[in-house]
Amino acid sequence: MSALLNVQGLKSGYGVVEVLRGVDLQVMPGELVALLGSNGAGKTTLNLTLSGLVAARAGQVGFDGQDITGLHSRQVVQHGLIQVPEGRKVFPNLSVHENLELGAFTRGRERKQQNLDKVYETFPRLKERVAQLAGTLSGGEQQMLAIGRGLMAEPRLLILDEPSLGLSPLLVEELFGLISQLRSSGLAILLVEQNVGQSLDIADRAYVMENGQIRFSGTPAELLASDTLRQAYLGM
Ligand code: ATP
């Protein structure tokens with residue numbers, strides 16, 4: 001099987017600051033891959049570069065066999081590489097329904113309705129709150145809305161950037177259950193997280209990033225079996 005996402009030697013940064021210093025990473029179809037690493041490792045920069053929001057300076061991003069390096073973010077979305085950004089970024093003064101509709105701006109009207117039905121089925125809590133302003137939702141509900149909005153765009157790969165940030169332990173549990181459920185439905189997911197234990201519980205494979213490079217890749221069991229990795233990179 002060939003990789004759905006195939007990142008080779010990717011470099012990028014901001015002005016004179018080089019952040020990604022040659023990243024290699026793959027996500028296979030249907031796979032849930034955890035991307036771990038401490039603050040400032042470059043995880044968010046990697047996401048922004050994959051999405052075409054920060055320019056790649058070297059290397060390649062392959063998606064489903066096509067070279068998507070340097071495409072405009074809108075074209076990246078059309079390919080089905082969808083990002084749910086860190087910090088949720090829902091539109092606080094729009095309703096739940098309106099926020100979801102915006103996620104489908106590149107899709108047709110009929111598909112929009114189908115996708116909406118599917119999202120409400122996955123997140124019954126959002127269905128109970130269709131008319132509520134997003135800014136008045138709880139943190140966990142806002143996170144679900146952000147993921148729901150991502151699903152509206154018909155992802156083939158969903159990138160979740162720190163979805164558990166700021167959520168209570170109970171909500172984190174619920175969220176990881178939902179992420180597992182999405183993976184079981186066949187969706188490929190790249191999960192960027194600081195919540196190492198729970199991410200490794202649900203991931204098929206993991207990468208550990210440090211200083212703009214991948215330091216380790218393997219199965220959660222391999223990662224947890226190494227004292228060095230656990231202590232140096234995972235704070236465990
Ligand atoms: P975190 O978990 O804290 O978000 P991260 O692994 O996602 O960390 P990045 O946000 O990608 O890391 O940051 C990597 C490096 O790039 C950091 O040193 C950061 O200061 C720098 N950086 C991020 N955004 C910018 C920017 N817009 N301009 C300049 N430097 C930036």
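Numbers given to residues run from 1 along each chain, matching the order in which its sequence is written. Given that the model is predicted, a residue must reach a pLDDT of at least 70 before its local features are reported, and side-chain atom pairs must reach 80 or more before they are shown or counted; all residues, however, enter totals for whole chains, interfaces and linings. Each side-chain value is derived from all of the structure's non-hydrogen atoms; neither hydrogens nor water enter the calculation.

Where an unreviewed UniProt entry is consulted, the protein appears under the name ABC transporter ATP-binding protein, with the organism given as Limnohabitans planktonicus II-D5. UniProt positions are given in the numbering used here, feature names are shortened, and annotations may be inferred rather than shown by experiment. One UniProt comment on the protein, placed under Sequence similarities (unreviewed entry), says "Belongs to the ABC transporter superfamily."

Participant: Any chance you could explain a nonpolar patch on the surface here in plain terms?
Facilitator: Among the surface-exposed residues, Y14, V16 and V17 lie close enough to one another that they form a single nonpolar patch of about 330 Å² accessible area. Secondary structure elements follow DSSP: runs of H or I no shorter than four residues count as helices, runs of E no shorter than two count as strands, and numbering proceeds from the N terminus. If you trace the backbone, V17 turns up in strand 2 (residues 17-27). What makes a patch is a set of residues exposed beyond 30% relative accessible area and free of salt bridges, joined within 9 Å when like-charged and within 5 Å when nonpolar (Val, Leu, Ile, Met, Phe, Trp, Tyr). Only the protein chains shown count as cover for residues, with accessible areas throughout obtained via the Shrake-Rupley method and a probe of 1.4 Å. Salt bridges are counted wherever a side-chain nitrogen of Lys or Arg sits within 4 Å of a carboxyl oxygen of Asp or Glu.

Participant: What is the right way to look at the layout of surface pockets in this model?
Facilitator: Space left empty within the atom packing is revealed by a probe, the size of a water molecule, rolled over the atoms. Reported here for the second largest pocket is a volume of approximately 280 Å³. If you go around the second largest pocket, the residues you meet are N115, K118, V119, T122, L151, E154, P155, Q181, L182, S185, G186 and L187. Elements represented by at least two residues in the lining of the second largest pocket include exactly helix 4 (109-122) and helix 7 (169-184). The element that contributes the greatest number of residues to the lining of the second largest pocket is helix 4, accounting for four residues. Points on a 1 Å grid, built from protein atoms alone, make a cavity when a 1.4 Å probe fits but cannot get out and make a pocket when they are open with protein on both sides within 12 Å along at least 5 of 7 lines; residues with an atom within 4 Å of a point are the lining residues. Grid points are joined across faces, edges and corners, and a volume is the space filled by probe spheres set on the points.

Participant: How should I be thinking about the side chain of S95 in this particular structure?
Facilitator: For S95, the position within the fold is in the loop between strand 6 (81-84) and helix 3 (96-103). Throughout, exposure labels follow a simple rule: accessible area from a 1.4 Å probe, protein chains only, divided by the maximum for the residue type, with under 20% read as buried, over 50% as exposed, and the rest as partly exposed. Classification of S95 as buried rests on a relative accessible area of 9%. Any pair of residues with heavy atoms lying within 4.5 Å of one another is described as a contacting pair. Ignoring anything within four residues of it in the chain, the contact list for S95 reads V130, A131, Q132, L133 and A134.

Participant: I'm lost on helix 3 in this one. Help?
Facilitator: The α-helix advances 3.6 residues per turn, and as a result positions three or four apart in sequence lie on the same side. Within helix 3, the full set of buried residues consists of V96, N99, L100 and G103. Burial along helix 3 is one-sided: seen end-on, the buried residues are contained in an arc of 95°. Packing partners of the buried residues in helix 3 comprise helix 4, helix 5 (124-127) and helix 6 (139-152). The directions considered for the arc are those from the helix axis to the C-beta atoms.

Participant: Hey, could you run me through the site of the ligand in this one?
Facilitator: Any residue with at least one heavy atom within 4 Å of a molecule or strand is counted as near it. Close contacts around the ligand come from 13 residues, with G40, G42, K43, T44 and T45 the closest. The backbone of K43 places a nitrogen or oxygen atom 2.9 Å from an oxygen atom of the ligand. For the ligand, whose free accessible area comes to 630 Å², the fraction covered by protein is 58%. When residues are grouped by polarity, Ala, Val, Leu, Ile, Met, Phe, Trp, Tyr, Cys and Pro land in nonpolar, Asp, Glu, Lys and Arg in charged, and all others, Gly among them, in polar. Tallied by class, residues from the shell around the ligand come to three nonpolar, seven polar and three charged. Polar contacts, as used here, are pairs of N or O atoms within 3.5 Å; protein pairs need one atom able to donate a hydrogen and one able to accept it. Residues neighboring in sequence count only if both atoms are side-chain atoms.

Participant: Mind showing me how you'd approach the pattern of salt bridges here?
Facilitator: Any two side chains of opposite charge can pair if their charged atoms end up close together. Evaluated as defined, the whole model comprises nine salt bridges. One salt bridge in this structure joins E174 and R125, with 2.7 Å as the shortest N-O distance. Placement of the pair is E174 in helix 7 and R125 in helix 5, with a sequence separation of 49 residues. The exposure class of E174 is partly exposed, given its relative accessible area of 33%. On the basis of relative accessibility, which here comes to 27%, the residue R125 falls in the partly exposed class. In this structure, E141 and R129 form a salt bridge, with 3.3 Å as the shortest nitrogen-oxygen distance. Here the residue E141 occupies a position in helix 6, and R129 occupies one in the loop between helix 5 and helix 6, the gap between them amounting to 12 residues.

Participant: Teacher, can you tell me more about the sheet that holds strand 10 (residues 213-218) here?
Facilitator: Pairing between the strands of a sheet is mediated by backbone hydrogen bonds and can be parallel or antiparallel. The strand order across the open sheet built from six strands is 6-7-8-3-9-10, with neighbouring strands paired in mixed fashion. With one partner strand each, in any of the chains shown, strand 6 and strand 10 form the two edges of the open sheet. On average, each strand axis in the sheet is tilted by 20° relative to the strand beside it, whichever way the strands run. For two strands to count as paired, DSSP must find a minimum of two bridges between them. Sheet topology note: the strand 6/strand 7 (residues 157-161) ladder contains four bridges and is parallel. Bridge assignment links Q83 to a residue of strand 7, and that residue is I159. Lines fitted to the C-alpha atoms define the axes, with helices restricted to the stretch that makes contact. Angles between their N-to-C directions range from 0 to 180 degrees. In the packing of helix 6 onto the sheet, the strands contacted are strand 6 and strand 7, and the crossing angle to strand 6 comes to about 165°.

Participant: Quick question: what am I supposed to make of the packing of helix 4 against helix 6 here?
Facilitator: Any two packed helices are characterised by the angle at which their axes cross and by the distance between the axes. Remark: helix 4 packs on helix 6, axes separated minimally by 9 Å, with the N-to-C direction vectors making an angle of 145°. Where helix 4 crosses over helix 6, the two elements pack in a sense that is right-handed. Facing K112, N115, L116 and V119 of helix 4, the residues of helix 6 in contact are G148, L151 and M152. Within the contact of helix 4 with helix 6, the residues separate by chemical class into four nonpolar, two polar and one charged. Should the near helix be turned counterclockwise from the far one by less than a right angle, the crossing is left-handed, whereas a clockwise turn marks it as right-handed.

Participant: What is the right way to read the packing of helix 3 against helix 4 from this model?
Facilitator: Where helix 3 meets helix 4, the closest approach of the two axes is 10 Å, and the angle between their N-to-C directions is 125°. Considered as vectors, helix 3 and helix 4 are oriented oblique to each other. Between helix 3 and helix 4 lies a crossing whose hand is right-handed. Residue-level contacts link V96, H97, L100 and E101 of helix 3 to K112, L116, V119 and Y120 of helix 4. When grouped by side-chain class, the residues that make up the contact of helix 3 with helix 4 number five nonpolar, one polar and two charged. What sets the label is the angle itself: under 35 degrees gives roughly parallel, over 145 gives roughly antiparallel, 65 to 115 gives roughly perpendicular, and the rest give oblique.

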